[in-house]
Every structure is written in C-alpha cells, then in structure tokens.
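# An overview of the molecular structure
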Amino acid sequence: MKKPGDPTQELQQALSYAPDWVNFMFGGETLSDMMFYNVLQVLAVGLAGWSLAAWFERRHLRSLSAREAPLQHISVNTCKNTAHCEPEASTLLIGSVVMAHDYFRTLIITFKSLVGGNIQPYERLVQRGRREALIRLKEEADLLGLDKLVNVRFITSSISGRFLHALEMVAYGTGVRTQR
Amino acid sequence: MIITNIEKVPGKTIIQELGLVQGSTVRGKHIGKDIGAFFKGLVGGEIKGYSELLVEGREEAIGRMKKEAEALGADAIVNVRMTTSSITGGAAELMVYGTAVKFDL
C-alpha cells in the first residue's frame, strides 16, 4: 500500500511531468521571478482579449445597424397616448441584455476613473447595450404583429457575478396595434 | 390576463381597482454559468448566460404577479414597473409590480 507523502513534494513531482509551456506560465525559481512572468502573461492575455473585444464591438455595431433598418416601421414613444389603437392587442413587452467589459479595459477604466471625467468605454458599452435592448423589444413587437410601442422605459442595473461585474440594460413598454 | 405599463387598457373601461400586485424572484446562477461568464469576460460583450437567467427570472416574477392578480379576480394588470437589484455576488433580485384592475363587461 502506498503511504501518503508530503503534499508539496507530490505537487512538485506532478509539476515536473508538465509540458514546458506550463512551467513557463506557472514556474519560476524565485517568488519575484514567478510574479514577473505572471504579470507578463496576464498582460498578454489581457491585450489579446482587448483586441478581440474591439473587433467584436465593431461587428456588434454593424449587426445593430443591419437589424435596426427593417424595424423602422415600429414607432416608439414614451407617452401614454393610445387614442388610435385597436382593442384586444395590447401587451407588455420586454427586451433585455447583459453586457460586460473585457478585463483589460476594466483595468484601464479603474485607472481612468481616478482622474475622473467622461469614461468613454462605459458610455459606449451602455449605449450599445441600450440599442440592443431596444432592438430586441422591437423584434418581439414585430413577431406579435404590433406596430407601436408606447410608454417605453429604460432601466440599467449592475449585476455582479462571482467573477465579473456586468451591466443589465432593459427596455420595456406596451405594444399596441394602430388602426388602419 | 392583459398586462400593460400604461394607466389603461386600450378599448376597455376599468370599473374597479383591486390594488397592488407584485411578483419577485431572487435567482442565482450555477457555478458553470459563472465560469463561462469568466471566460466570456476575457473578450467582453454580451454575457448570454446572465441574459437568459434574467429573462427567465423576469418571466417567473411576472408569473407570480399574474397568480396574485388571478387570486384577486382581476382581468388585467396596468401600470407595471420593474426593478432589478444585485443582492450578492452571483444572485439578482427581479421585481415586477403593478395595479390589478377589473373591466366593465
């Protein structure tokens, strides 16, 4: 029967079988060595994520413009006027989206918020999320054959997961059908 | 059951207000969704796991509100508002509230 050995020794033995790149990522002779390499790796992953995020953002903006165009016949307002609407067709509709920044941008924002002023990445994220929420609301209305949204409201709230903070953008309103 | 967030229902006459009805739910995500969200956080953008969770949660809250209104014998719920608040890491509270009303038949 195998005797349970020293756990640190066992860990070291297990690590010695690991491929080179794992040793490069998590290895290092001294503590300062490990910290230095890890900072480099964190930055590398963050920068790669950042450039991917920028590409995803542009793609998302293109898709938003493409989806907004066919939904233009649905009129949206924040008034409660339903003077020319058919009965029996009104219903509450909700469009929502949860969005988050990549970690590298979050880091930049953390430093930027020390200075204050406009925090442009957040402005862009919130505007993008709100457009997406409104499009989802309109799509739902379109699906039900409704062509007017009255009393549309927006809410933004911060959602904290276990690992990351995200923003939830919600648009809701009453969908009605106008008489023709 | 008709639900609107304006003070009336188009084409109907409200004869009686039955009072406040509400539905709320606190929903957490299982750890797998959170780990998925962690990796999605590397590139940012929409976090689909959380989006679905909140949509489901809101549906459940609306279902609870409807049940309360049905118990009062209401025909519709008007002037519905909704709120979301973050309770703790990994959970969100969704609340929906409105006024239950009765129509003129």
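I will try to describe carefully the structure that is included in this document. Because the structure is predicted, anything quoted here is derived from the model rather than measured. (Residues numbered from 1 in each chain as written. Chains lettered and ligands numbered in written order. Predicted model: local features only at pLDDT ≥ 70, side-chain atom pairs only at ≥ 80, totals over all residues.)

## Considerations on the overall build of chain A
Summing up its helical and strand segments, chain A has 5 helices and 4 strands in all. Ordered by position from N to C terminus, the α and β elements of chain A give α-α-α-β-β-α-α-β-β. Looking at the 180 residues of chain A, the share that counts as buried comes to 27%. Considering only contacts in chain A between residues 6 or more positions apart, those separated by 24 or more positions represent 81%. (Helix = DSSP H or I, 4+ residues; strand = E, 2+ residues; numbered from the N terminus. Buried ≥ 20, exposed ≤ 12 C-beta atoms within 10 Å, placed from the backbone. Contact = placed C-beta atoms within 7 Å.)

## Considering the sheet that holds strand 1 (residues 2–3) of chain B
All names here are of chain B. Within the open sheet, the 4 strands sit side by side as 1-4-5-2. Their pairing is mixed. Taken across any chain shown, the strands that pair with only one partner, and hence form the sheet edges, are strand 1 and strand 2 (14–28). The pairing of strand 2 with strand 5 (residues 91–103) spans 13 bridges and is classified as antiparallel. Directly across from Gln 22, in strand 5, lies its bridge partner Tyr 97. Relative to strand 2, helix 2 (residues 48–72) is tilted by about 145°, and along the sheet it contacts strand 2, strand 4 (76–88) and strand 5. (Pairing = 2+ DSSP bridges. Axes fitted to C-alpha atoms, helices over the stretch in contact; angles between N-to-C directions.)

## Points about unusual backbone geometry
Residue and element names in this part refer to chain A. Here the phi dihedral of Asn 151 falls at roughly 55°; this positive angle occurs in a residue that is not glycine. Structurally, Asn 151 is set in strand 3 (residues 148–160). The class for Asn 151 is buried, based on 22 C-beta atoms found within 10 Å.

## Here we look at the interface of chain B and chain A
You'll often see interface size given as the accessible area lost when the parts meet. Counting residues at the interface gives 34 residues for chain B and 42 residues for chain A. Taken together, the elements giving at least two residues each to the side of chain B that touches chain A come down to strand 1, helix 1 (31–40), strand 3 (45–46), helix 2 and strand 4 of chain B. The class makeup of the residues in the side of chain B that touches chain A is 16 nonpolar, 12 polar and 6 charged. The pairing of strand 2 (residues 91–100) of chain A with strand 3 of chain B spans 2 bridges and is classified as antiparallel. (Nonpolar A, V, L, I, M, F, W, Y, C, P; charged D, E, K, R; others polar.)

## Section: helix 5 (residues 120–143) of chain A
In an α-helix, one full turn covers 3.6 residues, which means residues spaced three or four apart are oriented alike. Taking 1.5 Å of rise per residue, 24 residues should cover 34 Å, and helix 5 of chain A covers 35 Å from first to last C-alpha, within 8% of that figure. Every buried residue of helix 5 of chain A is listed here: A:Leu125, A:Gly129, A:Glu132, A:Ala133, A:Leu134, A:Arg136, A:Leu137, A:Lys138 and A:Ala141. (Expected span 1.5 Å × (residues − 1).)

## Some words on the nonpolar core
Core analysis: the largest hydrophobic core is formed by 50 residues, its most contacted members being A:Val98, A:Leu137, A:Ala166, B:Tyr50, B:Ala76 and B:Ile77. Elements that contribute at least two residues to this core include exactly strand 2, helix 5, strand 3 and strand 4 (165–176) of chain A together with strand 1, helix 2, strand 4 and strand 5 of chain B. A:Ala166 has contacts with A:Val98, A:Met99, A:Ala100, A:Ile159, A:Gly161, B:Ile47 and B:Tyr50, leaving out every residue within four places of it along the chain. In this structure, A:Trp50, A:Ala53, A:Phe104 and B:Val43 belong to the second largest nonpolar core, which totals 5 residues. (Core = buried A, V, L, I, M, F, W, Y, C linked by C-beta atoms within 7 Å.)

## Observations regarding the environment of A:Thr174
Within the secondary structure layout, A:Thr174 lies in strand 4. For the pair formed by A:Thr174 and A:Asn151, sequence separation is 23 residues and the distance between their alpha carbons is 6.5 Å. For A:Thr174, the contacting residues outside a window of four places in its chain are A:Ser90, A:Leu92, A:Val150, A:Asn151, B:Thr4, B:Asn5 and B:Ile6.

## Side note on the pairing of strand 4 of chain A
Residues and elements named next belong to chain A. Burial within strand 4 is extensive, with 10 of its 12 residues counted as buried. Bridging between strand 2 and strand 4 involves 9 bridges; their strand directions are antiparallel. Within strand 4, the position partnered with Met 99 by the bridge is Leu 167. Across 11 bridges, the pairing between strand 3 and strand 4 is antiparallel. Within strand 4, the position partnered with Ile 159 by the bridge is Ala 166. What sits between strand 3 and strand 4 in their antiparallel hairpin is a turn of 4 residues.

## Brief notes about the environment of A:Ile108
Residues and elements named next belong to chain A. Summarising the element assignment, Ile 108 is placed in helix 4 (residues 103–115). For Ile 108, a count of 16 C-beta atoms within 10 Å translates into the label partly exposed. C-alpha of Ile 108 to C-alpha of Pro 121: the two residues are 13 residues apart in sequence and 9.4 Å apart in space.

## Thoughts on the sheet that holds strand 1 (residues 75–76) of chain A
Strand order in the open sheet formed by 5 strands is 1(A)-3(A)-4(A)-2(A)-3(B), with mixed pairing between adjacent strands. With partners counted over all chains shown, the strands left at the sheet margins are strand 1 of chain A together with strand 3 of chain B, one partner each. Direction of pairing for strand 1 of chain A relative to strand 3 of chain A: parallel, over a ladder of 2 bridges. Pairing of A:Val76 across the sheet is with A:Leu149, part of strand 3 of chain A. On the sheet, helix 5 of chain A packs against strand 2, strand 3 and strand 4 of chain A and is oriented at approximately 150° with respect to strand 2 of chain A. Lying on the sheet, helix 2 of chain B is in contact with strand 2, strand 3 and strand 4 of chain A together with strand 3 of chain B; it crosses strand 2 of chain A at an angle near 155°.

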